[in-house]
Amino acid sequence: MISRVSIVYENGLLGATSPSDDGVVGMVASGVAVVNKMTLGTAYLLTKLGGLSALGVTDAAKGENANIYREVKEFYDEAPSGSKLWLLPVASSVSMTDICDKTKAYAKTLLVAANGAINLLIVAKSEPSGYAATVVDGLDSDVYAAATKAQALADESADERYAPLFVLLPGMHYSGTASDLKDLHSYAFNRVGVVIGDTKTSSVEASVGLLAGRIAANPVQRSIARVKDGTIVSDNMYIGSVVAEKGSPDVINDKGFICPRTFVGKAGYFWNDDLLATAVTDDYALIPRRRVIDKAYRIAYRTLVEELGDEIAVTDEGKIPAAIAKHIQNEVERAIENEMTANGNLGVD
C-alpha cells in the first residue's frame, strides 16, 4: 500500500450542546459560454469583480450571464478585493444534484482545478426557461437531493485529497411558508448549509454569493451572525415575496436554515446563525466550528506529510519508539498553535 497520512475527525468531544487562504471560495454558477472568453466546465480564478470582464461577463451583459455577474458582484460587495474566488460556469439545465455529485464533472472538476485550495463551495443556480420546480417540503426537491450529494463530495475532498471544505446551497423555489420546510437538524450533513433569502423580491434563488463574501472576509472562528461586523451590505433583503423580517426568520432558523433577519432598534439586515444541516449536538453543527477544525486539519496534514518516507529507528517489535512518536505529535501541535493562535483562531491556552 502506498504511504499516506491518515487524519480522523472525532465527534462529541467539544463539550458543546482580511483576504487569506482560510477563505478561498469556489462557485459553480449557471451561465452560458462566451466565445473565445468563457467556456462552460472550465475553472477560472478571480480576485476582484473586474476579473469578469476578461471572461466577457459585464454589467452591460445582463441576460444570459446575469446570474454569474450578480453572484460575483455580491461576493465582492462583502469580501475584500484580492479574495480568491474560483468560478466554474455550467449550463442552467444542469441540476444542483448533478453539480454536487462527486462522480460528475462539475463541482468535482472545480475542486481538482483549485488543487485543494477551496475552503467553501457554493452553488449559484439559475433555472432554464420553462423549468417547472417540484416543490417538496417547502423547496425544490433538487435542493434536498443536492444536500446528500454535497456532503459526500465534501467528505471525499477531506478524506481523499486532504482538502476539507463545506458547501452552501441556495434554497431554490422557496414556497414562502416556513412551516413547510424540512427540519435540517434531522440530517447528519455537517458540511452542508442551505440559504433562504435574496436581495431581490419574489426570487426563486438565494444570495449565496453575498453570504460567501461575508465568510471569506471573516477569520475562521467568527460567526456570520456577529452584530459587531455590521449589517449585510444590501439595504434590501427578502424572504420570498416579503421583506425578511416578515418572512418568519425565526421559524426558518429553527428549521436549521441560514437566512437574513433584523433586530429591534437597529437598522439593516444581519444573518441569523451559522447553521449546518445536522443535529445541534454535532460538534461541527456551526460554520465557525467547521472552519476552525478544518484549518487545524490542513495544518496537521502539511506538517505530517513532511514525515512520510523518513528513516525512523524502530523497536525490535517493529514499532515507532514512543519518543519519536511524541516528537511528531509535538510538531503537529506546535504548528497548529503557532499558526492559529497568532491569528486569533484559538485561545492562548
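For the structure, see preceding data.
All residue numbers here refer to positions counted from 1 along the written sequence of the relevant chain. Local features in this predicted model are restricted to residues of pLDDT 70 or higher, and side-chain atom pairs are both shown and tallied only at a pLDDT of 80 or more, whereas totals for entire chains, interfaces and linings draw on every residue. Neither water nor hydrogens contribute to the side-chain values; these are computed over all heavy atoms in the structure.

Draft legend 1. Structural detail: the sheet that holds strand β3 (residues 85-90). Two strands are counted as paired when DSSP detects at least two bridges linking them. Secondary structure elements follow DSSP: runs of H or I of four or more residues count as helices, runs of E of two or more count as strands, with numbering from the N terminus. Judged by pairing direction, the sheet is mixed, and its six strands sit side by side in the order β2-β3-β1-β4-β7-β9 without closing on themselves. The open sheet has two free edges, formed respectively by β2 (44-46) and β9 (192-195), since each of these has just one partner strand. On average, each strand axis in the sheet is inclined to that of its neighbour by 25 degrees, with strand direction left out of account. Between two residues, a contact is recorded if the distance between any of their heavy atoms is within 4.5 Å. Throughout, an axis means a line fitted to C-alpha atoms (over the contacting stretch in the case of helices), and angles, computed between N-to-C directions, take values from 0 to 180 degrees. Sitting on the sheet, helix α1 (residues 66-78) touches β1 (25-30), β2, β3 and β4 (120-124), and the angle it makes with β1 is about 155 degrees.

Draft legend 2. Structural detail: helix α4 (residues 141-161). With 21 residues, α4 ought to run about 30 Å at 1.5 Å a step, and its terminal C-alpha atoms sit 30 Å apart, in line with that. Of the residues trailing α4, Y162 is marked for its positive phi of about 55 degrees. Expected helix span is given by 1.5 Å per residue-to-residue step, counting one fewer step than there are residues.

Draft legend 3. How the structure looks around the packing of helix α7 (residues 287-304) against helix α8 (residues 322-341). At a minimum axis distance of 9 Å, the contact between α7 and α8 shows a crossing angle of 130 degrees. For the element pair α7 / α8, the angle class is oblique. Crossing geometry of α7 relative to α8 is assigned as right-handed. When α7 is examined against α8, the residues V292, K295, A296, I299, A300, R302, T303 and L304 are found in contact with a partner set consisting of I328, E331, V332, A335, I336, E339 and M340. Taken together, the residues of the contact of α7 with α8 sort by class into 10 nonpolar, one polar and four charged. For classification purposes, angles smaller than 35 degrees are called roughly parallel, those larger than 145 roughly antiparallel, those between 65 and 115 roughly perpendicular, and all remaining angles oblique. Crossing handedness is read from the near helix: turned anticlockwise from the far helix by less than a right angle, it gives a left-handed crossing, and turned clockwise, a right-handed one. Residues are grouped as follows: nonpolar covers Ala, Val, Leu, Ile, Met, Phe, Trp, Tyr, Cys and Pro; charged covers Asp, Glu, Lys and Arg; every other residue, Gly included, is treated as polar.

Draft legend 4. A look at the pairing of β3. Buried residues dominate β3, accounting for six of its six residues. Sheet topology places β1 next to β3; six bridges connect them, and they run parallel. Residue S30 lies in a different strand from β3, and its bridge partner there is V90. Strand direction decides the pairing type here: β2 and β3, joined by three bridges, are antiparallel. By the bridge assignment, Y44 is partnered in β3 with L87. A 1.4 Å probe rolled over the protein chains alone gives each residue an accessible area, and that area as a share of the maximum for its type sets the label: buried under 20%, exposed over 50%, partly exposed in between.

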